Each structure stands twice: as structure tokens, then as C-alpha cells.
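# Observations on the three-dimensional arrangement
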Amino acid sequence: MKTAESNCAQLEQELVALIPALRSFARAFQRNPGDADDLVQETLLRALSHIDRFQQGTRLKSWVFTIMRNTFCTQYRVGKREFVGSEETAALDGSVPADQEWHMRGRELEAACAALAEPYRSVFEYVLIEGHSYEDAASHFHCATGTIKSRINRARLKLSDRLGEEAAR
């Protein structure tokens, strides 16, 4: 009886010595360090609870690594079937961000565009809103490409001033 107890104590000490190797092996399965530590803990719990099943003459490290691999596979299979929250929330891809601020900023931008002086507003809308090139705008408005670029730049600066943005300067 004493030899069985001393044998278990020796195996427990060897298990403790294997913890760094178990952590390294767990990182192969789990990228998150917390999840890897949880896997190591679950592996050690299972190994210690079934230490009596370990066969002398085999490698303890291989036995424990097999337990870890099987534990991970079991957790992975169970995790695929489980849903966090209700089934209705599981169908959603995630939370939907609030868009009220974007609607308000859009209205502010529309008002700021409407307040632009005519040569700036028409060129700004033609190029940036309708999507025409600078060259198309130059032929449409019968002026040089540099003039179009200048008007768009000035329109952007006027809009940023009106909207209170500092990043455009």
C-alpha cells in the first residue's frame, strides 16, 4: 500500500514538472493564453483524477499530452454545438452599431454642401458625389484640370471649416 501511495506522489511531482511543456503544447491548440491555461488545468485535473490508470513503464509525458489532445477535441466538438445566449441571438452575426450619429453627420454634410458657393458646389458634386474624373469635369465646366482640383480643394476646406473638422487642414 505504501508503494502505491509513494508511486502516486512521485507521478504527481512529475506532472508538476511537466506543466511548462503542457503550456507550450496547449498554445498549439489555443491562441488565447487564458484558454491555453484553462486547457492545461483541465488536462491536469483529468490526469490527477485518473492517475491510477497510468501504466508503469510508459512515458508520462505522452500519456498527459494524449489527455490534453483528447480534452481539446472534446471541448471543440461540444463548443460547436453550444450557443451562448438564446438561439435568436445566435442567428445574428453580431451587434449592430448605432447609426443615429451618422445620419446626423450626413444631414450636416448636406447642409454644408448646399451652403457652398456655386462654382465650388457644382464641381464638388460632379467629381466627388457623381464620381466623374478631374478631366471629365474640366471638359464639362470648360476650364483647366488644375482649376477643378483647386475648386475641390477649396470646397473641402470650406466644408471642414463649416463642420468643425481639423483633420482636413
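Residues numbered from 1 in each chain as written. Predicted model: local features only at pLDDT ≥ 70, side-chain atom pairs only at ≥ 80, totals over all residues. Heavy atoms only, no water.

## Considerations on the packing of helix α7 (residues 118-129) against helix α8 (residues 134-141)
- For the pair α7 and α8, the least separation of the axes is 9 Å and the interaxial angle reads 140°. Regarding the angle of α7 to α8, the classification is oblique. The hand of the α7/α8 crossing is right-handed. Contacts from Ser122, Val123, Tyr126 and Val127 in α7 reach Tyr134, Asp136, Ala137, His140 and Phe141 in α8.
- Grouping the constituent residues of the contact of α7 with α8 by class yields six nonpolar, two polar and one charged. (Axes fitted to C-alpha atoms, helices over the stretch in contact; angles between N-to-C directions. Helix = DSSP H or I, 4+ residues; strand = E, 2+ residues; numbered from the N terminus. Parallel < 35°, antiparallel > 145°, perpendicular 65-115°, else oblique. Left-handed = near helix turned anticlockwise from the far one by under 90°. Contact = heavy atoms within 4.5 Å. Nonpolar A, V, L, I, M, F, W, Y, C, P; charged D, E, K, R; others polar.)

## Some remarks on the environment of glutamate 130
- With respect to the helices and strands, glutamate 130 occurs in the loop between α7 and α8.
- Among the residues examined, glutamate 130 registers a relative accessible area of 52% and is labelled exposed.
- Only 3.4 Å separates the side chain of glutamate 130 from the side chain of histidine 132, close enough to count as a polar contact. (Buried < 20%, exposed > 50% of the residue type's maximum accessible area, 1.4 Å probe, protein only. Polar contact = N/O pair within 3.5 Å; in protein donor to acceptor, adjacent residues only side chain to side chain.)

## A few points about the nonpolar core
- If you look at the biggest cluster of nonpolar residues, it comprises 18 residues, and the most contacted ones within it are Leu15, Leu22, Ala26, Val40, Leu60 and Met68.
- Of all elements in the fold, only α1 (2-17), α2 (19-29), α3 (33-49) and α4 (60-81) reach the threshold of two or more residues within this core.
- It is α4 that contributes the most residues to this core, six residues altogether.
- Those residues in contact with valine 40 that sit more than four places away from it in its chain are Leu22, Arg23, Ala26 and Met68. (Core = buried A, V, L, I, M, F, W, Y, C linked by side-chain atoms within 4.5 Å.)

## Observations concerning the pattern of salt bridges
- Applying the stated criterion to the full structure yields three salt bridges.
- The salt bridge partner of aspartate 37 is arginine 23, with a shortest N-O separation of 3.5 Å. Here aspartate 37, found in helix α3, pairs with arginine 23, found in helix α2; they are 14 residues apart in sequence, far enough to count as distant.
- On the basis of relative accessibility, which here comes to 33%, the residue aspartate 37 falls in the partly exposed class.
- Arginine 23 sits in the partly exposed class, given a relative accessible area of 44%. (Salt bridge = Lys/Arg side-chain N within 4 Å of Asp/Glu carboxyl O.)

## Regarding the side chain of glutamine 30
- Tracing the backbone through its elements, the reader meets glutamine 30 in the loop between α2 and α3.
- The class for glutamine 30 is buried, based on a relative accessible area of 18%.
- Ignoring sequence-local partners within four residues, the contact set of glutamine 30 consists of Asp35, Ala36, Leu39 and Phe72.

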